[in-house]
Amino acid sequence: MFVGAIFFPLLGASISGFLGRWIGPKAAQWSTVVCMVLAAICGVLAFGQVALSGQPTTVPIVTWMDVGGLEMSWALRYDTLSVVMVAMVTFISTLIHLYSVGYMAHDETPARFFAYLSLFTFMMLMLVTADNLAQLFFGWEGVGLASYLLIGYWYDRESANRAAIKAFVVNRVGDVFFVLGVALIFLVFGSIEFDVIFATVPQHLDDRFAGVPALELICVLLFLGACGKSAQLGLHTWLPDAMEGPTPVSALIHAATMVTAGVFLVARMSPLMEYAPTALAIITVVGASTALFAATVGCVQNDIKRVIAYSTCSQLGYMFFAAGVGAYKVAIFHLFTHAFFKALLFLGAGSVIHAMSDEQDMRRMGGIWTKIPVTYAVMWIGNLALAGIPFFAGYYSKDAILEAAFASHSGVGAYAFACGMIAAFLTAFYSWRLLIMTFHGAPRADHHTMEHVHESPPVMLIPLLLLAAGAVLTGYVFAPMFIGEHEAGFWRGAIHTAEHNHILHAMHEVPAWVPLAPTVMGVAGIALAYVFYMLAPGIPGWLATRFRGIYLFLLNKWYFDELYDAIFVSPAQRLAAVFWKTGDARIIDGMPNGAAALAVGVARGAVRIQTGRVANYAFAMIIGLVLFVSLFLIGR
Amino acid sequence: MNAAGFPLLSLLTFLPLAGAAIILSVRGEEAVIARNARWTALWTSLLVFLLSLLLWVKFDTGSAGFQFEEKLSWLPEFGVGYHMGVDGISVLFVLLSTALTPICILASWESIETRVREYMVAFLILETMMVGMFAALDFIVFYVFFEAVLIPMFLIIGVWGGPRRVYAAFKFFLYTLLGSVLMLLAILYLWYNAGTTDIPELFEYQVPRAAQSWIFFAFLASFAVKVPMWPVHTWLPDAHVEAPTAGSVILAGVLLKMGAYGFLRFSLPLLPEASAEFAPLIYVLSIVAVIYTSLVALAQEDMKKLIAYSSVAHMGIVTLGIFTFNAQGLSGALFTMLAHGVVSGALFLCVGVLYDRVHSRDILRYGGVAKIMPAYALVFMLFTMASVGLPGTANFVGEFLVIIGAWQVNPWVAFGAALGMILGAAYMLYLYRRVIFGRITRDDLRTLLDLSPREYATFAPLILLTLWMGIYPQPFLDFFEATVTALVARHEAAVSVSRLAGM
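About the cut-offs
- Residues numbered from 1 in each chain as written.
- Chains lettered and ligands numbered in written order.
- Predicted model: local features only at pLDDT ≥ 70, side-chain atom pairs only at ≥ 80, totals over all residues.
- Heavy atoms only, no water.
- Helix = DSSP H or I, 4+ residues; strand = E, 2+ residues; numbered from the N terminus.
- Rg over C-alpha atoms; globule rule 2.2 N^0.38 Å.
- Buried < 20%, exposed > 50% of the residue type's maximum accessible area, 1.4 Å probe, protein only.
- Contact = heavy atoms within 4.5 Å.
- Areas by Shrake-Rupley, 256 points an atom, 1.4 Å probe, with all protein chains shown as cover.
- Phe/Tyr/Trp six-rings, centres within 6.5 Å; stacked < 30°, edge-to-face > 60°.
- Buried area = accessible area lost by both parts, 1.4 Å probe.
- Salt bridge = Lys/Arg side-chain N within 4 Å of Asp/Glu carboxyl O.
- Polar contact = N/O pair within 3.5 Å; in protein donor to acceptor, adjacent residues only side chain to side chain.
- pLDDT = per-residue confidence, 0-100.
- Pairing = 2+ DSSP bridges.
- Lys, Arg positive; Asp, Glu negative; His and termini not counted.
- Expected span 1.5 Å × (residues − 1).
- Bend = angle between axes of the 7 residues up to and from the residue.
- UniProt positions renumbered as here; feature names shortened; annotations may be inferred.
- Patch = residues over 30% accessible without salt bridge, like charges linked within 9 Å, V, L, I, M, F, W, Y side chains within 5 Å.
- Core = buried A, V, L, I, M, F, W, Y, C linked by side-chain atoms within 4.5 Å.

You'll find chain B entered in an unreviewed UniProt entry as NADH-quinone oxidoreductase subunit M, with Siccirubricoccus deserti given as the organism.

By the naming in an unreviewed UniProt entry, chain A is NADH-quinone oxidoreductase subunit L, taken from Siccirubricoccus deserti.

This is the structure we're talking about:
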């Protein structure tokens, strides 16, 4: 069961990837679906055993390496934290597989697509069940590879290739810091196995490295690694471009796998993070800034998938600042609920795109809600959950995050609370902007497209309905376990909180207006969107021309891409050319080639010495030998 | 006598020469000779490989000393003897050489059409020289093999190479020879003072501190060119571009390891204080190599040149690891050497597959190959990812260990090395995208055939090794462990003694 949850997806990927050509696309894709269903069953059973009945376990597989005290093994670590992730990932990934059967029906190479999807899932599962940092890194890079393959799935599109490489390389920037962090952990703790590290934290509280507290440095480095995977401000640029992949891929990347890895890492390393207050402050500030930044950008995007992508970015910011104020459990809870409604939103958007003959621009949609009522309904549910409207899943987790930020009573906590509040307002605004632009108003698509608008087949609708149920229920059902009265019995120390950390209690004792405020903000955002896009559709256009600078700034995503292009990409290209043409060809090769020319000249002269008489050669040799030996003797 | 019960290492070294002799003795029509040469070379190299597996099985990984030793007196009055043996550092390189040779011969099966007999002879002689060099335990014997390797390689590039083969061959030869002359002087000095050229005996001899620096630089001149380290690397891209595919494979797979092997075998144990003193210099050169050549690789338009430059970057990681003087760094360097031997060899084979079909190495000439050759695209992807250092493939283990080792020395050194991870991903994916992905723009590409059974056979062992070394590297690391531990202990002892004396 424990092994099955992880390795069934790999089995599915192998069958589909290697045998796909022989068994045909139908058999290939259904075999991956079956494997995923089996994995999900195992995952849910494991969740029952580990999280609900409280039997954490580690399944060893084999020793990976053992070099001068650096020991690590392949092993599956099942504690509450990892089993929550395993259950969530396998469940959502199964639904996405099922959905893809319908969505990719007209694709040329479905076997390849499903192999990648399953591989992606497998790597994510390896990541969350790692029992040491090297194995975690294996999964970490594995999801990077799989996302690269999936984003670039339509490889004859230039933009898809570009986005795929961008995703991989930007992630690599984060990975560098991650690897350095792991190396530092090994230096400080003498091990990279979680059990050893966590057990010896108290002995290393005062260790310093290069003049800075070692734990702080480790946590900052790991967080920078997490920034890459989880698309936090600075390293977020790959995420919106990742839309180039097929829509189910976006759902998988944004909901269950990949982007959640960074949050997971921070939670996993909570025993260290707890003793690194500066690092936590940095996490809080970056997370809060990302939440606000992405929400502002999301308000002006016109591509339906891009809006949802920025909302992911923003929600990840929430998770990070929750972890930053010490509420790791709340962060994981939000990760958990978010996975359901974000998968729902993406797959719903996919259903819309499917209906609109692959149109993604919301300016060319509208007026289709009667034609695709199921999709319309589930999109409503997804957006209600995302906006944190009471009793939907997002309400429980997002409210808890804001309460925690408020309850932390620190400067960065206040900043996070403020950012989170504004972002909550903006989130509701762009969610309803999306809903209204997509489904309501006069149809803006051409006649031909409108005629073809149709509801998706059942194989796509069933996953949507299941996810919608998740988006409604997960908050209410799981809140007591994750963050409520049963949390201690649920987590059983899988997430460590230090003696001084009372955030989970403090957040229940905030003033009465605090839990209400996010809801008010959400409703206000919805109202504003209603006014802007239903009642007075002229206002947004007027605002855009009136405040053109701000509008362009937001539309161009705060000019991050242009900035990086100017600072890193172009200089690297120029430098490359200079190094090659001047450094290598002219300077380094110039010298020996000059020397060679000289040698040719000398050789021409030397030819004259070549007389062909043996005696002459022997004489020259003897002279040379004498010279050499005397040099040697004198030199001593 | 030794664990094998017979002079295994000498047999491994000289058996290829017997194969070469057989090939030379065949008479008949051109086609008959060519066919015979191919099969004889293949069987000889396979036999050598099978024999060399005895090393894998019988090598005692618990011992740090030399094993499978053979000793014959040769010039006893000069203290020069024929001495062979392997320890944890060299044993896997013997295996790498014997494993890559049959693969190379298979890879040249159809692409070499002229002078097949001479080509196969050159390859077998090359194998003799490589194995001999890694197994030699006498400095003079080592030197002979070390230099003699150049001759068959020179011929392979110069005779069967591309249009600028003569320039490349001479550049290769002169560069590598120039450094070696200085090494010869250093060897003479050691022999003159220690009275022996036997390597284990030399280990007992303490080189005077003043002389260490000079010898270190003499060695550096020779080994740095072979590695190659920046800034003496420019012979490599030219040599690779002009060499036939199999020549590139051996060049990248084995010959590039000779310099690093030299550092490990001679510089570190014989000159501990000088090595420690000049380690910062090596760090700087290594990091410059990683960043500089990675950037240059980004700008390349020739597939082979790009991979050649990436080799220089990877070897920068190796030299960095060697001079960290700790167990992780050294094991990582050794592992990277092995991994790079397999992976870059495989990458050159990948280029060769396309070159055999289209006769162009120009990146822009391709595009959309994934659609026509899906199996090839998959193989190429695997090795691209291995070159990038994805965990689960061979390169990752080595790089990771080196970074851990470097971090112990200096965080900035580790950071510099880690930057190579980003650039490496950039240039390899950029290459892959332009060749394999994209739209098919040239119609003649549409008729290309996917991998043939012979090509599958050449790739299969390399794929297996890459994944094995990545997922379960422990058997390989076990080989290094005892020797590396001893080397580290020896180095630390020597350096601390000199520190005490200096106080």
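Let us keep going from here.
## Side note on the overall build of chain B
A tally of regular secondary structure across chain B gives 20 helices and 2 strands. The globule rule puts the C-alpha radius of gyration for 503 residues at 23 Å, and the 22 Å found for chain B is close to it. In chain B, which comprises 503 residues, the share counted as buried stands at 68%. Counted over contacts in chain B with a minimum sequence separation of 6, partners at least 24 positions apart contribute 82%. About 16,100 Å² of surface is accessible on chain B, with carbon and sulfur atoms providing 67% of the total.

## Description of the overall build of chain A
When helices and strands are counted, chain A shows 27 helices and 4 strands. Projected onto its principal axes, the C-alpha coordinates of chain A cover approximately 105 × 65 × 60 Å. Looking at the 636 residues of chain A, the share that counts as buried comes to 60%. When contacts within chain A are restricted to residue pairs at least 6 apart in sequence, long-range pairs at least 24 apart make up 82% of them. Total accessible area on chain A is roughly 23,500 Å²; 69% of this is exposed by carbon and sulfur atoms.

## Examining the packing of aromatic side chains
Inspection of the entire model under this criterion finds 69 aromatic pairs over all chains. Geometrically, the ring pair formed by F223 of chain A and F320 of chain A is edge-to-face, given 5.5 Å between the ring centres and 70° between the ring planes. Linking F223 of chain A in helix α7 (residues 214-229) with F320 of chain A in helix α13 (residues 304-324), this pair joins segments that are 97 residues apart in sequence. On the numbers, 6.0 Å between centres and 40° between planes, the contact of F139 of chain B with F219 of chain B is tilted. One end of the pair, F139 of chain B, is in helix α5 (residues 139-148); the other, F219 of chain B, is in helix α9 (residues 209-226), and 80 residues separate them in sequence. Residue F139 of chain B is classed as buried on the basis of its relative accessible area of 1%.

## Details of the interface of chain B and chain A
Across the boundary between the two partners, chain B contributes 63 residues, which contact 59 residues of chain A. Interface of chain B and chain A: buried area, both sides summed, is about 5,500 Å²; carbon and sulfur atoms make up 73% of it. At the junction of chain B and chain A, the tally comes to 2 salt bridges. Where chain B touches chain A, the interface holds 5 residue pairs in polar contact (both at pLDDT 80 or more).

## Description of the confidence of the model for chain A
Of the residues in chain A, 91% have a pLDDT of 70 or more, and the chain-wide mean is 82. Between the elements of chain A, mean pLDDT differs from a low of 60, seen in helix α27 (residues 614-635) of chain A, to a high of 90, seen in helix α10 (residues 260-268) of chain A.

## Points about the pairing of strand β2 (residues 80-86) of chain B
All names here are of chain B. Within β2, 7 of the 7 residues are buried, which leaves the element mostly enclosed by the surrounding structure. Residues V80, Y82, M84 and V86 point to one face of β2 and G81, H83 and G85 to the other, with burial holding for every one of them. Sheet analysis places strand β1 (residues 67-75) next to β2, joined by 6 bridges and oriented antiparallel. Bridge pairing in β2 links Q67 to V86.

## Considering the side chain of R117 of chain B
Residues and elements named next belong to chain B. Along the chain, R117 turns up in helix α4 (residues 116-135). E118 provides the closest opposite charge to the buried, unpaired R117, separated from it by 4.2 Å. Look past the residues within four positions of R117 in its chain and what remains in contact with it is I23, L24, V26, R27, I33 and A37.

## Brief notes about the pattern of salt bridges
Residues and elements named next belong to chain B. The full count for this structure, using the stated rule, is 18 salt bridges over all chains. For R265, the salt bridge identified is with D87, shortest N-O distance 2.8 Å. Here R265, found in helix α11 (residues 245-270), pairs with D87, found in the loop between β2 and α3 (91-107); they are 178 residues apart in sequence, far enough to count as distant. Taken as a pair, R265 and D87 share a single burial class, namely buried.

## Brief notes about helix α19 (residues 453-471) of chain B
Residues and elements named next belong to chain B. The end-to-end C-alpha distance of α19, which contains 19 residues, comes to 26 Å, matching closely the 27 Å that a straight helix rising 1.5 Å per residue would cover. Maximal helix bending in α19 amounts to about 30°, located at F459; proline P461 follows within four positions. Buried within α19 we find R454, E455, T458, F459, L462, T466, M469 and G470.

## As for the UniProt feature "domain: NADH:quinone oxidoreductase/Mrp antiporter transmembrane" (unreviewed entry) in chain A
As annotated in UniProt, the feature "domain: NADH:quinone oxidoreductase/Mrp antiporter transmembrane" (unreviewed entry) corresponds to residues 130-419 of chain A in the numbering used here. Annotation note: span residues 130-419 of chain A, helix share 73%, strand share 1%, distance between end C-alpha atoms 34 Å.

## Here we look at unusual backbone geometry
A cis amide bond links V227 of chain B to the next residue, P228 of chain B, at an omega of -15°. Tracing the backbone through its elements, the reader meets P228 of chain B in the loop between α9 and α10 (235-242). One non-glycine residue, F391 of chain A, adopts positive backbone phi at about 75°. Among the secondary structure elements, F391 of chain A is positioned in the loop between α15 (373-387) and α16 (393-407).

## Here we look at the side chain of S45 of chain B
Residues and elements named next belong to chain B. One can find S45 in helix α2 (residues 30-58). Residue classification places S45 among the buried positions, given a relative accessible area of 0%. S45 has contacts with T98, T101, P102, I105 and E127, leaving out every residue within four places of it along the chain.

## As for a nonpolar patch on the surface
Taken together, the side chains of M1, V34, V37, L38, I41 and L45 of chain A present a nonpolar region at the surface, about 480 Å² in accessible area. Take V37 of chain A: it is sitting in helix α1 (residues 2-52).

## Here we look at the UniProt feature "domain: NADH:ubiquinone oxidoreductase chain 4 N-terminal" (unreviewed entry) in chain B
Here the UniProt-annotated "domain: NADH:ubiquinone oxidoreductase chain 4 N-terminal" (unreviewed entry) positions come out as residues 42-130 of chain B. End C-alpha to end C-alpha, residues 42-130 of chain B measures 17 Å, and it is 55% helix and 18% strand.

## Overview of the nonpolar core
Y148 and L272 of chain A are the most contacted members of the largest nonpolar core, which totals 444 residues. Excluding residues that lie within four positions of it along the chain, L272 of chain A makes contacts with I185, F189, I197, F198, V201, L215, I218 and C219 of chain A.

## Focus on the environment of V26 of chain B
All names here are of chain B. With respect to the helices and strands, the residue V26 is situated in the loop between α1 (8-25) and α2. Remark: the alpha-carbon pair of V26 and N36, spanning 10 residues in sequence, is separated by 7.6 Å. When residues no more than four places from it in sequence are discounted, the contact partners of V26 are I33, N36 and R117.

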